[in-house]
Amino acid sequence: MSDDHEMQDGLDWIHASDDDAFEDEMTGAEGHHAVVPASDSLPERIYLLPIHNRPFFPAQVQPLVINRERWEETIRRVGDTPHRTVGLAFVGETGVEELGGEDFPEIGTAVRVHKLQGEDQQIQFIAQGMRRFRIQRWLSKEPPYLVEVSYPREPVDAEEDETRAYAMALINGIKELLPINPLYGEELKHYLNRFSPHEPGPLTDFAAAITSAKGPELQDVLATLPVMDRMQKVLPLLRKEIDVAQLQSEISEQVNAQMQERQREFFLREQLKVIQRELGISKDDRENDVDTFRARLEGRVVPERVMERIDDELDKLSVLETGSPEYGTTRNYLDWLTAMPWGVNSQDQLDLSHARTVLDRDHDGLNDVKERIVEFLAEGTFKGGVGGSILLLVGPPGVGKTSVGRSIADALGREFYRFSVGGMRDEAEIKGHRRTYIGAMPGKLVQALKEVEVENPVIMLDEIDKMGQSFQGDPASALLEVLDPEQNVDFLDHYLDVRLDLSKVLFVCTANTLDSIPPALLDRMEQIRLSGYIAEEKVAIAKHFLWPKLLKRDRIPKKRINLTDAALRQVIEGYAREAGVRQLEKQLHRIVRKAAVKLLEAEQQSVRVSVNNLETYLGPPIFRKEQVMKGEGVITGLAWTSMGGATLSVEAGKVHALDRGFKLTGQLGDVMKESANIAYSYVLGHLGDYGADTDFFDSAFVHLHVPEGATPKDGPSAGVTMATALLSLARHHALDRPLAMTGELTLTGQVLPVGGIREKVIAARRSDIFELILPEANRRDYDELPDYLKEGLTVHFAGRYRDVAKVVFD
């Protein structure tokens, strides 16, 4: 079938045009069709089609797809011409809507259209590259684009040695590309048979066309007419293509080799498994799991009922398919069950001297706490062990509760495991999830035993006063079974569903306050109070622990930063006055950081931190020296807070004498308001007994104020202080010496005991108050204080308020 017939078959959907303009464009001046040289039958006027990806070369024959809606008219007109030739011009990334005559290159390729077909929104045809053309004149700069062209000569001397050498290099490069990249295939071989060194022009175009060079580079090749220059540009592009193809081939070979090696290894391993299984010298995964679990139990004393459960689960595991979900569930259950330290216990070191050494090594001060722990260990020596005890360390933040628990474990030579129950709201964290739930896990206690691998560790439950409640349960109630020596012998974890003996575990709990701990839980624990540190203890802790730890952590030699004792004491008094030492450590860390900057920037060998330059490191002091308030109706009381002890001034003043009244301010809680009313009533009824004017309050409006009104205050221990302030006002008697007091007052004048005596004594010493009045019922608490806290103090004990008045007002 001829080309003409093929063309006409493809144009069944295109109608011949009788457009006069079309005829005028394609005819000459005499009204006849333009005559072109018979040698190549190429017209002087052709329509243009823009192409975007890469230019089309005369040596190419390949299908093209164009947009039907935009270029249908152009293709129709081309189809109505006898030569059926269209010009292809590379326009790069320029959008079709933005194309103008200046966007088309001067040189393009004239192609003949074959096998034209139209489908939906596209037109497809086979383009046969013919020759380069040069645009001479634009006849239409709007689609369909029509131009007048010439076909430039391509100068070449095919017989020159240099030309032949380049041509041979191109042929060799193409042949080299054949075995590397199979994409070119038989078609490439077919083209090579058509080209020879005697026709370097088409050969060069073909070599350029098969490369993956970018469009502008290929357009540069297309626009180069001298064949020798063109070959010099194409040869590097071809060599680059060969290098890329070789690299791609090497990568493919490596990947294939690795895949083949893995497949070979996989097949060999599978064959080995089958052979070993047939010979009875290997086991499958299921048998390996069973053997692993049985091996874990060798040498362990497993309770009979637990062993029965393990045997039942192992029998179930041996018949399940390894790929079934139940196999994974059963395997995980056995993994936990066999990982428990059944019958494995560490030997306790009940050596009291060793315990004292460890406690003194890790902590300065806290002598009463250390003594209580030594007593606890001494009791265990006679008992044969200290298991089953539950200690509760209560004290302000930063006093060392957690580190005391760790020291107890070191003193006993036991494993230590700590987890915080602060914020815990799910009782499953304690007792585990039931195995019916997805993602079920044992509770924290089972996890602790698995990790420490003994039945008698020291387990610390931190922040036990900060547990919460939610719809998921009440973890504090779940702890009742754990912390009851009578019940934790048979502790039941929901996941394991077998009884565990927790009676050998030493539980150490920590809390800041006792208020939020449920009474039933508090009743099961033995309390040890850590009340905080006085300045002397903080100095010792900073010298022996905090300062060396900070320098060691930052790897700074001790000699390079010198902190004087006076500066250290000033840090404690002015910047870190809380009960614990956490804030003290932060302030010391600030000093280390700023000193390190000076050592580096000023290139100093050492830095000395003294009282004189301390403010350059820490700024102005946060706390000033507490000035004890004085005057008529002003009395200093002692209060306890969760952060330690504090001094509390109470002011009573007469506002006017117009009528009788009583007013309270200072952010007081309900209990403290009641104490104030009781004090007012008691003083009002006993003014004559204490030498005051009995008519004073009849016409006096009295205002009672507790300073620092932004801080909430509550508790009954300020009753005595308030009564004394009111009596001082009524007697017009100002206190002439530093004196502080605490105690609850009743309507009958009895002074009842209060808590926090140690913290209150520390607060008084911090404010340089060395004369105190305490309830008679608290004498025993005071006597138990260490001697260094009682040194220099004058303490009066009062059973009734008259004892207080006698001390204050003589």
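Our subject in this report is the structure included herewith. (Residues numbered from 1 in each chain as written. Predicted model: local features only at pLDDT ≥ 70, side-chain atom pairs only at ≥ 80, totals over all residues. Heavy atoms only, no water.)

### Side note on the packing of aromatic side chains
Counted under the stated rule, the structure contains 14 aromatic pairs. Centre to centre, the rings of Y690 and Y801 are 5.7 Å apart; their planes meet at 90 degrees, and the pair counts as edge-to-face. A residue pair is termed long-range when its members are at least 10 positions apart, and Y690 in the loop between helix 23 (670-685) and strand 19 (701-705) and Y801 in helix 28 (residues 801-809) qualify at 111 residues. For Y690, a relative accessible area of 15% corresponds to the buried category. A relative accessible area of 1% places Y801 in the buried class. For the ring pair Y782 and F797, a centre distance of 5.9 Å and an interplane angle of 65 degrees mean the geometry is edge-to-face. With Y782 in helix 26 (residues 779-783) and F797 in strand 24 (residues 794-798), the pair connects residues that are 15 residues apart, well separated along the chain. When its relative accessible area of 8% is taken as the criterion, Y782 is described as buried. (Phe/Tyr/Trp six-rings, centres within 6.5 Å; stacked < 30°, edge-to-face > 60°. Helix = DSSP H or I, 4+ residues; strand = E, 2+ residues; numbered from the N terminus. Buried < 20%, exposed > 50% of the residue type's maximum accessible area, 1.4 Å probe, protein only.)

### Notes on the pairing of strand 16 (residues 634-641)
Summarising burial for strand 16: six of the eight residues are buried, a large majority. Here strand 16 pairs with strand 20 (residues 740-741) via two bridges, running parallel. Bridge pairing in strand 20 links G637 to M741. (Pairing = 2+ DSSP bridges.)

### What to know about the nonpolar core
Counting residues in each nonpolar core, the largest one holds 56 residues, and the members touching the most others are L584, L588 and I591. For this core, the element with the most residues is helix 19 (residues 535-553), which contributes eight residues. Beyond its immediate chain neighbours, meaning those up to four positions away, L588 contacts A542, L546, W547, L550, L563 and L568. With 55 residues, the next largest nonpolar core counts L317, L320, M424 and L479 among its residues. (Core = buried A, V, L, I, M, F, W, Y, C linked by side-chain atoms within 4.5 Å. Contact = heavy atoms within 4.5 Å.)

### A closer look at the sheet that holds strand 8 (residues 416-420)
Here five strands make up an open sheet; going across it, the order is 8-9-12-7-13 and the pairing parallel. At either margin of the open sheet sits one strand with a lone partner, and together these are strand 8 and strand 13 (526-529). Across the sheet, the mean angle from the axis of one strand to that of its neighbour is 20 degrees, orientation sign disregarded. Each of strand 7 (390-394), strand 8, strand 9 (458-462) and strand 12 (506-511) touches helix 14 (residues 401-412); the most contacted strand, strand 9, lies at about 175 degrees to it. (Axes fitted to C-alpha atoms, helices over the stretch in contact; angles between N-to-C directions.)

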